Structure formats: C-alpha cells, structure tokens
Amino acid sequence: MMKRLFPFLLLLVGLSACKDDDSFTTSRSALLSFSTDTVKMDTLFSGIGSATYSFWVFNRAADGLRISTVRLRQGNQTGFRVNVDGAYLDNTLGSVASDLEVRKGDSIRVFVELTALENAQLDPQLVEDDLVFRLQSGVEQRVNLRAWAWDAIQLSDLVVSRDTLIRSEKPLVVYGGIRVDSAATLSIKGTTLYFHDKAGIDVYGRLLTDSVLMRGDRLDHMFDYLPYDRVSGQWGGIRLFASSTGNELVCTEVRNARYGVICDSALYSPQQMRLYMENSIVHNCKGPGVQAFSSFVGLLGCQITNTLGDCVAVYGGMAVMQSCTVAQFYPFSAERGAALRFSNVYEGNSYPLEAMICVGSIVTGYEDDVVMGEAGDSASLFDYHFEHSLLRTPVVEDSVRFKDIVWESAKDSVQGKQHFVLIDEQNLIYDFHLDSLSTAKGMGCY
C-alpha cells in the first residue's frame, strides 16, 4: 500500500499540432510559472494514503522550455508520490523524472499523494519536501509539498468476545467495524475513534463509553470551507441488538454518522435499562439520532441534533428525557424528520408505550411542529408526560400531560434557531448553548 501508481493522465491543453519550427530556449531568464508555490495537504493518518492533490505548470515564455529533471529533494524519505504529466517519479528509482518539455503557451499538470511514515509522536507532525524542477538552462525552481501526519492505531474487523477495555492516547482508526459478542462488555474510555466509511459498532453484549468521540476518518475537506467532519453519513453508527442491555454512554459524542444509536426491538422490562446516555451528543446523522423499540431508555443532559431522520424516536417501551436539547436543523434535506417522535405502533406492529417522559428539555427546529405523538394502535398503551420544557408544537390543552410548558410558535420574537448561540447553515457550524435572549433559560443541556 506504500506504493501505488497514479492513473496515467495525459492532458491535452492545446489542440494545435506541434510545428517543425517550435524552438526551445536555454535562457536563464525563461522560467516556468506554477499555479501554487505550496501544495498544502490536510492532516492525515500515518500509513494511510492521502487524497490526490494537483497543480499546474505553465510556460509563459516566448519559446519552449525543456525540463532536464523533476525530482523530490529528499528522494523516497518522506512518502510523497508524484506524477508529472504522466511521468511517475518512481521512488525505487531515485524519485526522478527526466526530459520533459513544455512548449510555448502550453502547460502540464502535476499530481501529488502522500503516505506518511509513522513518527512515534502523539501529536500531528509536519511532513515536508520540495519538488525540484531543473531546466535545461541549469535553473532550478521548487514547489513545496507539506502535510501534517498523525500516528494512529488501526483496528480492522474487531470482534470483542470477552470483557475488553480500550483506552488510547493515540487516535483509533476503525476499518470494517467493531462487534461486541453477547457475553462480552466493551469499555471505551478517553479516546477518539475514527470510523472508515460504513464501519460502526454492533453490540450484542454491552457497551460502556466515557469521554469518547466517535466520528468519520476523513480529515480532509469536501470544499475549501467544508471539512468532511461536518458532512453526515461518514460512518455507520451504534446498533444495539435485541440481546444487548445495560449500555451506558457518558460524555460521549457521536457525530456525522449514518445513524446515531439504534436500540432494536427486545422484550421490554422496566427493571432493565437498555440504554443510558448522560452529557452526550448525537449530531448530524443521515438517519435517526436516537431510535428505540420496546426499550427502557434514559437521556440525561444530552444534545440530539440535526438528523435526516427523527432526532429522537421512541416506539413503545419507556423513555425518560431530562435536561436535553433536541433540535432539528438538519440542513441537507427539506424531508427531515421530527425533533421528537413517540408512538405505540411502527410499520403496522404494536409497540405499547409505557411512558414517554420529558422534563426540563428543549424540543425545537425549523418546522412549525416538530413534536409528533402518534397513537396508531388504540388498543395499546400510549402514555406520555411533559413538564417544564419548551416545545415547538401547537398548544395542547391538557394540564395533566403538559405542565409548565413554554409553547413555541413561528410568531414568537425568539424562536427556532434564535435560541442558540450559533446556527450557521452555510458553513455547517453549530453551537447549541443558549443565547442570552432565549426564553428557554433553565432548560436544555447547557
């Protein structure tokens, strides 16, 4: 994986045929021009190939220019790989390409990749080299290549079959996913997990996390202003299967996944909590944030925000949500789900809702109604209670189920995203701390 050939790319910039009278100069004043003097790459993990970067080399001189050599100043010592107008600088042959031409008014394109060597440091380290163009005249011109490389531990298709603790100062890059068997407990503390593509955590046993960040492994940018870390759907998510119970996520952030945390349907027990989350965040998912079927779920001081599906969806069982911020400002689709949905039926199947309890929380979003309570099965339990919370939904005249409620509407002077410090849809930057003007003081998780 350390060496791979670039696609053989030949770009025809000028369509005119070469003429017999084309001339080439060896004047030291005739120089190449470059579209950039520095190729700056994003931070990347050591041992893992970067994206491909490129720049243009122009000849604006009055005559053609011959390039005697193009070489990496440090040869094969830094891990950079370069292709110049279809000529690969083979690192086993001195990292040099020879005898290239750039005719008058023409240009060539250069492609650069990097697989950095491990640096034995905890923090990202600068990796730098120069691409040196030596003209036939003897003049040398350089383009600087630079990136930050970060040592990480790679985990591939990890199966946890016995009680295991993962704690690491280095980032963990997960390929293929993590499976926790039914007889095992996986504890993760004080680390960051970077999941590749569709990788996630499938839990048949028990998952305990404390001070953990889970996100995708793309450290580069989709656009100059937009890092992949702000784009949803970068990795799988956490799925708790029917045999899984006693899961606890404390001070844990799950962001930019396909889904946040899903509790599959199981035999409901009021004495057995399947999922407890405290001071945790689920943000920017391409599916649901927290979705539970026939489960006992507790959410304390959590932020569940910006999901294509529902931010929180409870189908049967019991859910207790206290001091949470549930905000539906998913920016990528107008077909986004509700902020909070609770029901006693799903796809025609009955899921008795023992209780949906929401206390001291904020439930808001773009739409006029983001709280969806659906009693789809009249013969099944459907019990709920809201107290001391802000709800963006039409007023419900029910003093038993709704106590001390701030009913938010689109007509309020402060409503929706105005409650929060920053909702920047253009750059996808969000800060869900309460703004000083918010009417939700004393509610939510901040």
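All values derive from a computational prediction rather than experimental measurement.

J.: Can you lay out the side chain of Asn284 for me, pointing to particular residues and giving the numbers?
T.: Take Asn284: it is sitting in strand 24 (residues 281-285). A distance of 2.7 Å separates the side chain of Asn284 from the side chain of Asn256, its partner in a polar contact.

J.: Pulling in residues and values, what's your account of the environment of Glu367?
T.: Relative to the helices and strands, Glu367 resides in the loop between strand 33 (362-365) and strand 34 (371-374). We classify Glu367 as partly exposed; its relative accessible area is 37%. Once the C-alpha coordinates of Glu367 and Ala410 are considered, the two residues, 43 residues apart in sequence, prove to be 8.5 Å apart. Apart from the residues lying within four places of it in its own chain, the contact partners of Glu367 are Arg336 and Arg392.

J.: Report on the pattern of salt bridges, specifying residues and quantitative values.
T.: By the definition in use, this model includes 24 salt bridges. Across the pair Arg179 and Asp181 runs a salt bridge, and its minimum N-O distance is 2.7 Å. What you see here is one network of salt bridges that share partners, running through Arg215, Asp229, Glu253 and Arg255.

J.: Please provide a residue-by-residue account of the pairing of strand 24, values included.
T.: Most of strand 24 is tucked away, with four of its five residues classed as buried. The sheet contact formed by strand 21 (residues 247-255) and strand 24 spans three bridges and is parallel. Across the sheet, the residue bridging to Val254 is Val282, located in strand 24. Two strands pair when backbone bridges link them, and strand 24 and strand 26 (residues 303-307) are joined in this way by four bridges, in the parallel orientation. Its bridge partner lying in strand 26, Cys285 is registered against Thr307.

J.: Go over the packing of aromatic side chains, please, and point to the residues and values.
T.: Tallied over the full model, the rule gives 27 aromatic pairs. Seen in terms of ring centroids, Phe293 and Tyr346 are 4.9 Å apart; in terms of plane orientation they differ by 70 degrees. Their pairing is edge-to-face. One end of the pair, Phe293, is in strand 25 (residues 290-300); the other, Tyr346, is in strand 30 (residues 345-346), with 53 residues separating them in the sequence. For Tyr346, a relative accessible area of 26% corresponds to the partly exposed category. These aromatic residues form a ring-pair network of at least three members: Phe342, Phe382, Tyr384, Phe386, Phe402 and Trp407. Above the face of the Phe58 ring, Arg60 is positioned so that its terminal group lies 4.5 Å from the ring centre.

J.: Summarise the sheet that holds strand 1 (residues 32-34); cite the residues concerned and give the values.
T.: Think of a sheet as strands paired side by side through backbone hydrogen bonds, with each pair either parallel or antiparallel. Pairing is antiparallel in the open sheet, where five strands are placed in the order 1-4-9-6-7. Two strands lie at the open edges of the sheet, namely strand 1 and strand 7 (87-88), each paired on one side alone. Judged from the five bridges that link them, strand 6 (residues 80-84) and strand 9 (residues 107-114) form a sheet pairing that is antiparallel. Bridged to Asn83 within strand 9 is Phe111.

J.: Please provide a residue-by-residue account of the confidence of the model for the chain, values included.
T.: Here the chain averages 93 in pLDDT, while 95% of its residues score no lower than 70. Across residues 1-21, where pLDDT falls below 50, the model places 38 contacts with residues more than four positions away in sequence or in other chains.

J.: Now, about the environment of Arg60: what can you tell me, with residues and values included?
T.: Its place among the elements puts Arg60 in the loop between strand 4 (53-59) and strand 5 (65-72). On the basis of relative accessibility, which here comes to 63%, the residue Arg60 falls in the exposed class. As a C-alpha pair, Arg60 and Lys417 span 357 residues in sequence and 52 Å in three-dimensional space.

Quick notes on the rules
Residues numbered from 1 in each chain as written. Predicted model: local features only at pLDDT ≥ 70, side-chain atom pairs only at ≥ 80, totals over all residues. Heavy atoms only, no water. Helix = DSSP H or I, 4+ residues; strand = E, 2+ residues; numbered from the N terminus. Polar contact = N/O pair within 3.5 Å; in protein donor to acceptor, adjacent residues only side chain to side chain. Buried < 20%, exposed > 50% of the residue type's maximum accessible area, 1.4 Å probe, protein only. Contact = heavy atoms within 4.5 Å. Salt bridge = Lys/Arg side-chain N within 4 Å of Asp/Glu carboxyl O. Pairing = 2+ DSSP bridges. Phe/Tyr/Trp six-rings, centres within 6.5 Å; stacked < 30°, edge-to-face > 60°. Lys NZ or Arg CZ within 6 Å of the ring centre and 35° of its normal. pLDDT = per-residue confidence, 0-100.

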